[in-house]
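Below, each chain spelled out in residue letters.
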Amino acid sequence: MNAFAILWMVPLFPLLAAGVSALLPRKARKPAAGLAIGAMACSLTLSLMALANALNQAQSSPGTVQTWNFPWFQIGETWVRLGWLLDPLTALMLVMVCFVGLLIFIYSVGYMAHDSNFTRFFCFLSLFAAAMLGLLISNSLLLLFICWELVGLTSYLLIGFWFHKPSAAAAAKKAFITTRIGDMAFLLGIVWLYSATGTLLFYDHGAGCLEAGAIGELLRTVTHPGMTAATAISLLIFLGAVGKSGQFPLHTWLPDAMEGPTPVSALIHAATMVAAGVFLVARVYPLMAAVPDSQAVPVQEVMHASATAPAGEAAHAPSHHAAANAPVVSTALKVVTWTGILTAIMAAGIAIAQNDIKRILAYSTVSQLGFMMMGIGTGGVAVGMFHLITHAFFKALLFMGAGSVIHGCHEEQDIRLMGGLRKFMPVTFLTYAIGMMALSGVPLFFSGFWSKDAILHAAHGWAPSTAPFYLGLLGALLTAFYMTRQVCLVFFGAPRLGTGAQHGHTPEPPHESPAVMVVPLMLLAACALLLGFLGTPAWPWFQGFINGSGSHLDMGELWAAENLRMMGLSALVVLLGVTLGWWYYGRTSPVVGEPDPLLRISPDIYSLLENKGYLDQVYEATVVRGHAAWAAGCAWADIWLWGSLVDATRYATLGLSWCNRLIDEFLVNGLFDRFSEGLRICGGTTSRWQNGRIQFYLRFIGAGFVLLTLVLIWRSRE
Amino acid sequence: MNYLDFFATLLPETTLVLTALAVLLVDAAGLRELKTAHRILGASLVSLLGCALSVAFVCMGHGSSYLLDGILINDPLTRLIKVAILIPGMFTCLLTPGSRLRAHPGEYFCILLLAMTGLLLLVSSENLLVIFLSLELASMCLYILAAFNTTDARSIEAGLKYFLFGGISAAFTLFGFSLIYGLTGSIDLRPIAGALGQSTDPLLMVAVVMVIAGFGFKIAAVPFHLWAPDVYEAAPLSSAAFIASGSKVASFYVLARVVITGLGGTTGVPGSQWMTLLAILAGSSMVLGNLAALTQTSVRRLLAFSAVANAGYMLIGVLAPGSGGLPALAYYLILYSITAIGAFGVVALVEARAGHDRLDAFSGLCRNSPVTAFCLMVFLLSLAGIPPLGGFFAKFYLFAAALRASPGDPLILSLVVLAIASSAVSLYYYLRVLKEVYVRPVAGAEPAPIPDLPVIGLFILAIAVILLGSFPQWLVHAVESAQAASSF
């Protein structure tokens, strides 16, 4: 069985599971969970087969994409076609989403055990998985957009899962509306792309919109501000990614999305859905990276890259020859890079001053997504995707660890009220520590180190500017700092649970979570440790696979001066961050109610960060207020301007209807009634002939006979 | 001519006659000691078996044969009509256990089977003498069936009325036949048609009116319909059901054959004498039937007037020049007989528990027997011609065929318009029954439950009505290909 031919079944299983469990009664908890998990396991199996297929393909003909297109419907002469594809990018993402998804589904069985809407939860989760997997395999921007919107819908449903909490309902709306802004731009990009190239298929044997012909056409079209059409469309599509992946300035929904159940945060708002934006940028990378001929670019290389490899240019792999001949970087990629690094720094800063355990992780996600964008912008698809994959595992791990902590601390989320949990929850602590070190990028044994190192390396060799590199270092420092702060406050020091003002009584001590929650944590922790070794400079298998260039083990690369310097620098930064964090938060156990150490050092900056840079307030004052004013104006116009018109029409209509009614009642009804009455009387008369007297009947026949004969004879005489 | 052919052609009729004797024998020999209900059941099973065998023999027949100069005809259309007579006959057997027979079940079924034999012979001949004899065989049997409840004065009265009325009509028919024989010197339809040509002899007019008066009695067309409400109301229910379904199919078919083949209609000349006559019959049947039905309170009488009205619609099929209306007429006949027998079946069930058939006996039916109520709804709405039920398509097909066969003929057009208008009126009285069934609460004490077995039979009929309406092409195809292969 060819795994590619049945690739469409990967999203089908969760979709069926969602459909069936939507019909299940609320009491059917076990079947719902079983269905969802079983479907996910089937999808995982198929994804692994697809990965094997992709690996074979990479061996036999590297850099090719397998596609299968089919017609969907016809408008006039044009067929709208959809399709699915399989390339290393898709294969790796499929396995990641299925694997992380499966673990989170299992974890949810424990986490949601006491929820009365358990069945609905699994229905939504399955629907989400189906949409996400569909997004990954689609070979058409249209199909991708459909799945993209479905993903947004399920995200809305799941953030607002506890919709009886006003904050959750508000967060769901915020997430939906904010991402819609990005999606609007995305849709515009799609429409533009379609009108310019006539196709939305990515790869279509040379006729797809990501292939040389279409891109060359787009590059030749110059639009108003001097941009090429390719750049403009890229930027519009990137705006969609900005919304979905929580990039500045549309990131504000993501921290609020933490109102959803923690497994949702782990699956959707950390590991998979938010990565969809990054995935989108990676998918349309050939379009993003395209540079017009007039600028001195190795055209062949671009053409080659866009025609064969969907993902990236070999020259941008994070190996040491990246900076050899400074190529011209497209405007779109510059925007991606700057947006990414700006987001990374800003979100990392905000994360320092947050006290909600999930919110910190949420800002950390925003920040890491920024890193991924920067990775794609500076180093190409492989760099960004490598960080995406490793991040998915350790961020899912961290979120589920946080969930375990919240579960163990009886729904407490404020890290200032925790402390000392490592004694109570040893497994959670260990796995959480692994996740934290992976995220911080502690050297050598943690995956985050290698993937972040690759990004920094690529940024270092980025031709347009070196500023992203230094900002990236600052981001890494901040990351290490806030993660250390969080771990110190949660797991070290004296237990403070129950000492908060809102707890009048001493609650029972925190407890370790059940096995169904802890085992997925351990599996994810193992992945957080091991995955890094797929992409070290010594053996860049991941990069080779994505770029279709192959790879080999060469320990010498590790000791190359440049690599060593880079690794040393990043290790140094991380160690500095960890030490600082420990200095402020781990050395002495903080006391409840005492202000944060950073607040004492610099109150202004701290409160700026604590309030998320006042961005929500700015949006409130500008966008929301402006919108409200506009709405009020419209309402005024509606009531007074249109309202009076409508009223005038209403009275005119009423008058007419009244006349009509008169006609109807007296003329039409009267006549009809008269007619019906006449019919009834006729009926009475005719049935009076039916008097039951046979003599009369027989006379009747006789009369009828005579009459009929006369009529006939009279007629034939004519 | 080969006597073996003769025997093979008559096999269905022979089977029926033998079954009739067998029923008598079984009842007399084996069942005499049992309770009446069981005797009825046993006899009805034997008769069912016989009918089924007969249907099988009919279906086994193939090709067209024309024996003894048209004394005996066996062609696909005739076979189809025979099946359409035998199937209502079978359902009549099924209905009989519920129709309050007190005695002589063996004789009842024997006579029923003989009546069916008469009807089968009636449709398979072009010879006036055979037609008259088989018509009389069937009629005599039906008179007895109508009067079978000898303990019920109303039943006897109904039988007597039917007999007197029928006797007079038969006299008319025979007189008409003998006049035709006198005018043409033949009793076979085709030579008669040849000899008559376009004659306008007043004697022929009298003959035509007399012949049509006889058949008008059988099909209950105005002004020869007066027996129908009384007989439908008071005869044992199964007899009434058979008179309304099987007998009607055969009479219509033979009427069409006599007027189209025998009285010069084959030439398709509009204005043949009988056309005017039939048009008058059709129009007055539609109008009078529907109007009189409006004021009825007895559901059986209501069905009787509805039958009169339907006879009017079906006459349009006979009027269509040539044989263009024939497939549509056959379709309508089959559909009508299924629907009528189904409606009578529901009436039987309701009557069995309420003791009468007035409208209030039906109130609240949908609450204590929703399936029966559903079946009744299907039958009545089909009679009213509501899509997607069979009755709708039957009307549509009939009117369309008539209009297509005679484009621009004002007579047919005005009849079709009249038919459509009067069937709009008919909806009123059908809905009155359904209003009792679905809207009115149960009157008085909770009535006894309705037995399941008959309901299953009715449900099958209702499904058939729905299917024939939704997928009419099955039957249309069968009817059209049968007609194409027949000499009619």
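### Topic: the pairing of strand β1 (residues 66–75) of chain A
Residue and element names in this part refer to chain A.
Step number 1: As judged from the nine bridges shared by β1 and strand β2 (residues 78–86), these two strands associate in the antiparallel manner. Pairing of F73 across the sheet is with V80, part of β2.
Step number 2: Counting the residues in the hairpin turn of β1 and β2 gives two residues, including G76, whose phi is positive at 60°.

### Remarks on the confidence of the model for chain A
Detailed reading of the predicted coordinates is not advisable wherever pLDDT is low.
Step number 1: Of all residues in chain A, 90% attain a pLDDT of 70 or more, and the chain-wide mean is 80.
Step number 2: A low-confidence stretch, residues 296–325 of chain A stays under pLDDT 50, and its non-local contacts, those more than four residues away or across chains, total 75 contacts.

### A short note on the environment of T154 of chain A
Step number 1: For T154 of chain A, the position within the fold is in helix α5 (residues 141–159).
Step number 2: Residues T154 of chain A and C123 of chain A, spaced 31 residues apart in sequence, show a C-alpha to C-alpha distance of 9.9 Å.

### A look at the nonpolar core
Step number 1: In terms of nonpolar packing, the biggest core is built from 222 residues, with A36, V100, V278, V281, A396 and A528 of chain A touching the most fellow members.
Step number 2: A per-element tally of this core places helix α3 (residues 88–111) of chain A first, with 18 residues.
Step number 3: For A396 of chain A, the contacting residues outside a window of four places in its chain are V100, I104, A266, A270, A271 and L524 of chain A.
Step number 4: L112, A250, L349 and L468 of chain B belong to the second largest nonpolar core, which has 195 residues in total.

### Re unusual backbone geometry
Step number 1: Cis rather than trans, the peptide bond between F248 of chain A and P249 of chain A has omega equal to 5°.
Step number 2: A cis amide bond links P387 of chain B to the next residue, P388 of chain B, at an omega of 5°.
Step number 3: Along the polypeptide, P388 of chain B turns up in the loop between α17 (370–384) and α18 (390–405).
Step number 4: Here the phi dihedral of A220 of chain B falls at roughly 55°; this positive angle occurs in a residue that is not glycine.
Step number 5: Inspection of the secondary structure assignment puts A220 of chain B in the loop between α9 (202–219) and α10 (227–234).
Step number 6: Classification of A220 of chain B as buried rests on a count of 29 C-beta atoms within 10 Å.

### Thoughts on the interface of chain B and chain A
Step number 1: Contacts between the two partners involve 28 residues from chain B and, on the opposite side, 24 residues from chain A.
Step number 2: Among the secondary structure elements, those contributing two or more residues to the side of chain B that touches chain A are α7 (153–184), α9, α10 and α13 (273–294) of chain B.
Step number 3: Top element by residues in the side of chain B that touches chain A is α13 of chain B. It accounts for eight residues.
Step number 4: Of the residues contributing to the side of chain B that touches chain A, the split by class is 21 nonpolar, five polar and two charged.

So, how was this worked out
Residues numbered from 1 in each chain as written. Chains lettered and ligands numbered in written order. Predicted model: local features only at pLDDT ≥ 70, side-chain atom pairs only at ≥ 80, totals over all residues. Pairing = 2+ DSSP bridges. Helix = DSSP H or I, 4+ residues; strand = E, 2+ residues; numbered from the N terminus. pLDDT = per-residue confidence, 0-100. Contact = placed C-beta atoms within 7 Å. Core = buried A, V, L, I, M, F, W, Y, C linked by C-beta atoms within 7 Å. Buried ≥ 20, exposed ≤ 12 C-beta atoms within 10 Å, placed from the backbone. Nonpolar A, V, L, I, M, F, W, Y, C, P; charged D, E, K, R; others polar.

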